[in-house]
Amino acid sequence: DEILKDLKKKNVLVIGSGFSFHNMNAFSWSDDDQIDEKNDTFQEYLIQYCTEEKYLNKRDETLIAWDKIPFARYCHPREEHLLPLHVCLGMTDKPGKLIFDDYILGKRSIALLWEWGKSNTWFNRDNAVSGLATDKYLKLKYFNLLYNKN
């Protein structure tokens, strides 16, 4: 995680694009929100270890052994959609903020945010979408990344 923390000094934006619940067989394709105690237990565990100061000293070792968290393999039969969380955690030694806690395809899911640097930077959770939508340079860069074959 020391290598990842060095990226902050280089002003690198990291977006962890995983999902806190990813058991395809347990999703509700009818989009009915379902009480799921196994999932709730796992989500609460992630929230505690990622957002509460008192867990910082145990966070790394706990999340390295993430599959020992209660109901981890129920929520993530495979780990690829949880691993982006580990990248984000590796960049900081501070607690994150819970910014989303709701249902997607009938299952509770969360999103977390870690911020550092100046609070007046253009990219923050309040203006990220509008900033991306209105900044011509970013739209051009995004377009080039998607469509430029060179």
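See above for the structure.
Residues numbered from 1 in each chain as written. Predicted model: local features only at pLDDT ≥ 70, side-chain atom pairs only at ≥ 80, totals over all residues. Heavy atoms only, no water.

Draft legend 1. Structural context of the overall build of the chain. Of the regular secondary structure elements, the chain holds seven helices and two strands. Expressed as a percentage of the 150 residues in the chain, the buried residues total 29%. Across the chain, every contact between residues at least 6 apart in sequence was considered, and the portion connecting residues at least 24 apart equals 67%. Approximately 10,300 Å² of the chain is accessible, and the part contributed by carbon and sulfur atoms is 54%. (Helix = DSSP H or I, 4+ residues; strand = E, 2+ residues; numbered from the N terminus. Buried < 20%, exposed > 50% of the residue type's maximum accessible area, 1.4 Å probe, protein only. Contact = heavy atoms within 4.5 Å. Areas by Shrake-Rupley, 256 points an atom, 1.4 Å probe, with all protein chains shown as cover.)

Draft legend 2. Layout of the pairing of strand 1 (residues 97-104). As defined by bridge partners, strand 1 adjoins strand 2 (residues 107-113) across seven bridges and the pair is classed as antiparallel. Across the sheet, the residue bridging to Phe100 is Ala111, located in strand 2. In sequence, strand 1 turns back onto strand 2 through a hairpin of two residues, with Leu105 there showing a positive phi of about 50 degrees. (Pairing = 2+ DSSP bridges.)

Draft legend 3. Broad picture of the pattern of salt bridges. This structure, assessed with the given rule, holds seven salt bridges. A salt bridge links Glu44 to Arg108, with the nearest nitrogen and oxygen atoms 2.6 Å apart. Here Glu44, found in helix 2 (residues 37-51), pairs with Arg108, found in strand 2; they are 64 residues apart in sequence, far enough to count as distant. Looking at Glu44, the relative accessible area reads 36%, which means it is partly exposed. (Salt bridge = Lys/Arg side-chain N within 4 Å of Asp/Glu carboxyl O.)

Draft legend 4. A look at the environment of Glu44. Taking C-alpha positions, Glu44 is 9.4 Å from Ile110, a pair spaced 66 residues apart along the chain. Reaching out from Glu44, the side chain makes a polar contact with the side chain of Arg108 at a distance of 2.6 Å. (Polar contact = N/O pair within 3.5 Å; in protein donor to acceptor, adjacent residues only side chain to side chain.)

Draft legend 5. Looking closely at helix 3 (residues 56-64). Among all positions in helix 3, only Arg59, Thr62 and Leu63 are buried. Relative to the axis of helix 3, the buried residues are bounded by an arc of 85 degrees and lie together on one face. Along helix 3, exposed side chains directed more than 90 degrees from the buried face belong to Asn57, Glu61 and Ile64. Structurally, helix 3 contributes buried residues whose contacts are with helix 2 and helix 5 (83-90). (Arc of directions from axis to C-beta.)

Draft legend 6. Quick look at the nonpolar core. Grouped together as the largest cluster of nonpolar side chains are 18 residues, with contacts concentrated most on Phe42, Leu46 and Leu85. Sorting the residues of this core by element identifies helix 2, helix 4 (72-75) and helix 5 as the ones contributing at least two each. With near-sequence residues (within four places) excluded, Leu85 lies in contact with Leu46, Cys50, Leu112 and Trp114. (Core = buried A, V, L, I, M, F, W, Y, C linked by side-chain atoms within 4.5 Å.)

Draft legend 7. Summary view of the packing of aromatic side chains. For the structure on display, the rule yields six aromatic pairs. Summarising the aromatic geometry, the rings of Phe21 and Phe27 are spaced 5.3 Å apart at their centres and angled 80 degrees between planes, so their arrangement reads as edge-to-face. There is no split in this pair, since Phe21 and Phe27 are both buried. Cluster of aromatic residues (ring-pair linked, three or more members): Phe19, Phe21, Phe27, Trp29 and Tyr74. (Phe/Tyr/Trp six-rings, centres within 6.5 Å; stacked < 30°, edge-to-face > 60°.)

Draft legend 8. Spatial organisation of the packing of helix 2 against helix 3. Running from N to C, helix 2 and helix 3 point in directions that differ by 140 degrees, and their axes come no closer than 9 Å. Taken as axis vectors, helix 2 and helix 3 run oblique relative to one another. Of helix 3, the residues touching helix 2 (which contributes Tyr45, Leu46, Tyr49 and Cys50) are Lys58, Arg59, Thr62 and Leu63. Counted by class, the contact of helix 2 with helix 3 contains five nonpolar, one polar and two charged residues. (Axes fitted to C-alpha atoms, helices over the stretch in contact; angles between N-to-C directions. Parallel < 35°, antiparallel > 145°, perpendicular 65-115°, else oblique. Nonpolar A, V, L, I, M, F, W, Y, C, P; charged D, E, K, R; others polar.)

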